[in-house]
Amino acid sequence: MNSSHILAGAGFEAARNLAGIGEHGHSFRVQVRADAHPGSEAALHADLAAAVAPFHYAHVNATLADGSDLSIARYLASQCGQPVSLQLASAADRGALLDEDGNEYVYLDTRFEAAHQLPHVGPGHKCGRLHGHGFGVRIVVDASQNCLNDILLKAWPPLFARLNHKYLNAIAGLDNPTSEVMAAWLYRELAANLAGLAWVEVRETHTAGSQFDGETFRIWKEQHFESAVPFDAAGNYTGHSYLIRLLLQGSVDRVMGWVLDFGDVKDRFKPVYRQLDHNPLDKLPGVRAADAASVAEWVHGELKPLVPELSRIDLMETPQRGVSQTFRGDMQWPLL
Ligand SMILES: Nc1nc2c(c(=O)[nH]1)N=C([C@H](O)[C@H](O)COP(=O)(O)OP(=O)(O)OP(=O)(O)O)CN2
């Protein structure tokens with residue numbers, strides 16, 4: 001079923017006091033997603049700006065007795081004036097996630113450095129060669145069952161020791177170490193020792209990722225394009241460096257170990273990309289309007305026949321303003 005969302009972001013610099021840690025400070029980042037309906041975009045941006053304002057260059061505990069990530073996240077969500085899903089990053093590697101159904105999670109972003117090759121790709125495919133990555137890993141747990149320290153101190157270190165600076169293909173279960181296989185392997189290894197594990201994400205590069213929640217595989221590929229867009233009724237244009245994220249949901253091919261090759265996603269997107277990049281978006285053939293939601297719909301119309309697994313498109317005009325459209329499946333996370 002199609003659903004259309006608005007994405008809004010904000011940041012604030014704040015001090016806080018936490019039991020066991022004491023006084024310290026953070027550059028907090030917050031992203032929210034809300035249902036799109038007439039007037040909701042301006043209201044969401046205004047509500048979010050007003051919600052973070054009391055924290056900016058201030059002490060969190062002046063507003064909230066409990067200055068934890070979860071407490072701040074709950075407060076910000078409550079100020080948004082409409083149901084939202086929310087991601088609060090208190091540091092580059094950690095934060096809290098809340099969804100509209102009342103689920104609360106904490107996450108840790110960590111990484112390891114390793115070599116691998118994909119043994120089943122066709123001749124000449126670059127991933128058949130021995131190569132390596134700084135693999136990004138996001139571990140997400142149900143906040144009511146577990147906390148960040150359990151991931152950091154107990155669950156992750158033994159796995160890090162098994163993976164870091166290793167040749168992944170030599171590890172049992174990783175003979176075909178695609179991102180999807182890695183996410184499923186990490187999920188199974190972590191679930192054994194981590195109560196409330198919700199999902200695991202693996203990022204081989206900055207532009208591609210995969211997610212496994214014990215049942216469903218989701219992958220994404222990101223691209224940037226530079227485009228002009230009408231600015232006012234007088235016919236003036238402005239422009240943006242757009243980020244588009246194409247998210248796919250599907251089963252993993254038993255031989256290849258992936259939903260679809262990230263390279264194939266990029267290749268199939270190329271003809272669409274050429275029409276978007278360095279062009280005025282209101283002149284796209286058949287586009288309903290030049291706003292981000294209409295452009296995302298247009299991309300979906302062009303790409304759906306080529307990528308049937310395409311489930312969601314996120315289109316950001318700026319890092320703090322964009323849309324997220326779901327066309328099939330259920331792809332709540334990542335928020336962005
Ligand atoms: N679905 C998957 N597709 C691909 C995987 C994978 O794990 N799952 N892995 C690879 C390669 O290992 C490759 O290193 C990463 O591919 P890709 O994203 O295409 O890398 P690029 O550096 O070309 O990405 P840019 O778009 O240039 O940033 C291939 N596919």
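Residues numbered from 1 in each chain as written. Predicted model: local features only at pLDDT ≥ 70, side-chain atom pairs only at ≥ 80, totals over all residues. Heavy atoms only, no water.

As recorded by an unreviewed UniProt entry, the protein chain carries the name 6-carboxy-5,6,7,8-tetrahydropterin synthase and is attributed to Vogesella alkaliphila. A UniProt comment under Cofactor (unreviewed entry) is attached to the protein chain, and it reads "Zn(2+)". (UniProt positions renumbered as here; feature names shortened; annotations may be inferred.)

S.K.: An account of the packing of aromatic side chains is requested, with residue identities and associated values reported.
M.R.: Within this structure, the stated rule accounts for twelve aromatic pairs. Aromatic pair phenylalanine 269 and tyrosine 273: ring centres 6.1 Å apart, planes at 65°, arrangement edge-to-face. Linking phenylalanine 269 with tyrosine 273, this pair stays in helix 5 (residues 262–276), spanning four residues, or about one helical turn. Of the residues examined, phenylalanine 269 reaches a relative accessible area of 0% and is grouped as buried. Given a relative accessible area of 22%, tyrosine 273 falls into the partly exposed group. Every member of this aromatic cluster is reached through a ring pair, and the members are Phe12, Phe28, Phe55 and Tyr75. Directly above the ring of tyrosine 107 sits arginine 138, whose terminal nitrogen or CZ lies 4.1 Å from the centroid. (Phe/Tyr/Trp six-rings, centres within 6.5 Å; stacked < 30°, edge-to-face > 60°. Helix = DSSP H or I, 4+ residues; strand = E, 2+ residues; numbered from the N terminus. Buried < 20%, exposed > 50% of the residue type's maximum accessible area, 1.4 Å probe, protein only. Lys NZ or Arg CZ within 6 Å of the ring centre and 35° of its normal.)

S.K.: Can you tell me about the pattern of salt bridges, naming the residues and giving the values?
M.R.: Throughout the structure, instances matching the rule amount to 16 salt bridges. Measuring nitrogen to oxygen at the nearest pair gives 2.9 Å for the salt bridge that ties arginine 94 to aspartate 93. We note a salt bridge from lysine 154 to aspartate 150, for which the minimum N-O separation is 3.0 Å. In this pair, lysine 154 and aspartate 150 are both assigned in helix 3 (residues 148–163), four residues apart and thus about one turn of the helix distant. With relative accessibility at 58%, the residue lysine 154 sits in the exposed group. Using a relative accessible area of 18% as the deciding quantity, one classes aspartate 150 as buried. Taken together, the salt bridges that share partners define one network made up of Glu222, Arg245, Arg312 and Asp314. (Salt bridge = Lys/Arg side-chain N within 4 Å of Asp/Glu carboxyl O.)

S.K.: Which residues make up the site of the ligand, and what values do they have?
M.R.: The ligand sits among 19 residues. The nearest are Lys126, Cys127, Ser179, Leu260 and Asp261. Side-chain polar atom of lysine 126 to an oxygen atom of the ligand: 2.5 Å apart, as the coordinates give it. A distance of 2.8 Å separates an oxygen atom of the ligand from a polar side-chain atom of glutamate 204. Here the ligand loses 84% of its free accessible area of 630 Å² to cover by the protein chains. Those elements that place two or more of their residues in the shell around the ligand are strand 7 (131–142), helix 4 (179–191) and helix 5. Considering each element in turn, the shell around the ligand owes the most residues, three residues, to helix 5. Considering only residue class, the shell around the ligand consists of six nonpolar, seven polar and six charged. (Near = heavy atom within 4 Å. Polar contact = N/O pair within 3.5 Å; in protein donor to acceptor, adjacent residues only side chain to side chain. Areas by Shrake-Rupley, 256 points an atom, 1.4 Å probe, with all protein chains shown as cover. Nonpolar A, V, L, I, M, F, W, Y, C, P; charged D, E, K, R; others polar.)

S.K.: Tell me about the nonpolar core, and name the residues and values.
M.R.: In this structure, Leu76, Leu163, Leu186, Leu276 and Val299 are the most contacted members of the largest nonpolar core, which totals 91 residues. The dominant element in this core, judged by the number of residues it contributes, is helix 4, at eight residues. Excluding residues within four positions of it along the chain, valine 299 makes contact with Ile244, Leu246, Phe269, Val272, Leu276 and Ile313. Counting residues in hydrophobic clusters, the runner-up holds nine residues, among them Val140, Ala198, Trp199 and Leu335. (Core = buried A, V, L, I, M, F, W, Y, C linked by side-chain atoms within 4.5 Å. Contact = heavy atoms within 4.5 Å.)

S.K.: Let's hear about the environment of glutamine 332: which residues, and what values?
M.R.: Looking at the secondary structure, you find glutamine 332 in the segment after strand 14 (321–326). Considered as a pair, glutamine 332 and lysine 270 are 62 residues apart in the sequence and their alpha carbons are 26 Å apart. If we skip the residues at most four places from it in the chain, glutamine 332 touches Arg33, Ser85, Asp99, Asp101 and Arg312. Within polar-contact distance, the side chain of glutamine 332 engages the side chain of arginine 33 at 2.6 Å. In terms of polar contacts, glutamine 332 uses its side chain to reach the side chain of serine 85, at 3.5 Å.

S.K.: Give a detailed account of the pairing of strand 2 (residues 22–35), specifying residues and quantitative values.
M.R.: Where strand 1 (residues 3–18) lies against strand 2, 14 bridges are found, and the strand directions are antiparallel. Of the residues in strand 2, the one forming a bridge with phenylalanine 12 is phenylalanine 28. Where strand 2 meets strand 4 (residues 84–91), six bridges bridge the pair, whose relative direction is antiparallel. In the strand pairing of strand 4, alanine 34 is matched with valine 84. (Pairing = 2+ DSSP bridges.)

S.K.: Summarise helix 4; cite the residues concerned and give the values.
M.R.: Spanning 13 residues, helix 4 covers 18 Å between terminal C-alpha atoms, matching the ideal 18 Å at 1.5 Å per step. Within helix 4, ten of the 13 residues are buried, leaving the element largely enclosed by the surrounding structure. Taken as a whole, helix 4 has its buried residues at Ser179, Glu180, Val181, Met182, Ala183, Ala184, Trp185, Leu186, Tyr187 and Leu190. (Expected span 1.5 Å × (residues − 1).)

S.K.: Give a description of the packing of helix 3 against helix 4 that names residues and reports values.
M.R.: Axis angle and axis distance: for two packed helices, these are the angle between their axes and the distance between the axes, and together they describe the pair. Two elements in contact, helix 3 and helix 4, have axes separated by 10 Å at closest approach and are oriented at 135°. As judged from the angle between their axes, helix 3 and helix 4 are oblique. When the axes of helix 3 and helix 4 are compared, the crossing they make is right-handed. Of the residues in helix 4, those in contact with Ala155, Trp156, Leu159, Arg162 and Leu163 of helix 3 are Met182, Trp185, Leu186, Glu189 and Leu190. Across the contact of helix 3 with helix 4, the residue classes break down as eight nonpolar, no polar and two charged. (Axes fitted to C-alpha atoms, helices over the stretch in contact; angles between N-to-C directions. Parallel < 35°, antiparallel > 145°, perpendicular 65-115°, else oblique. Left-handed = near helix turned anticlockwise from the far one by under 90°.)

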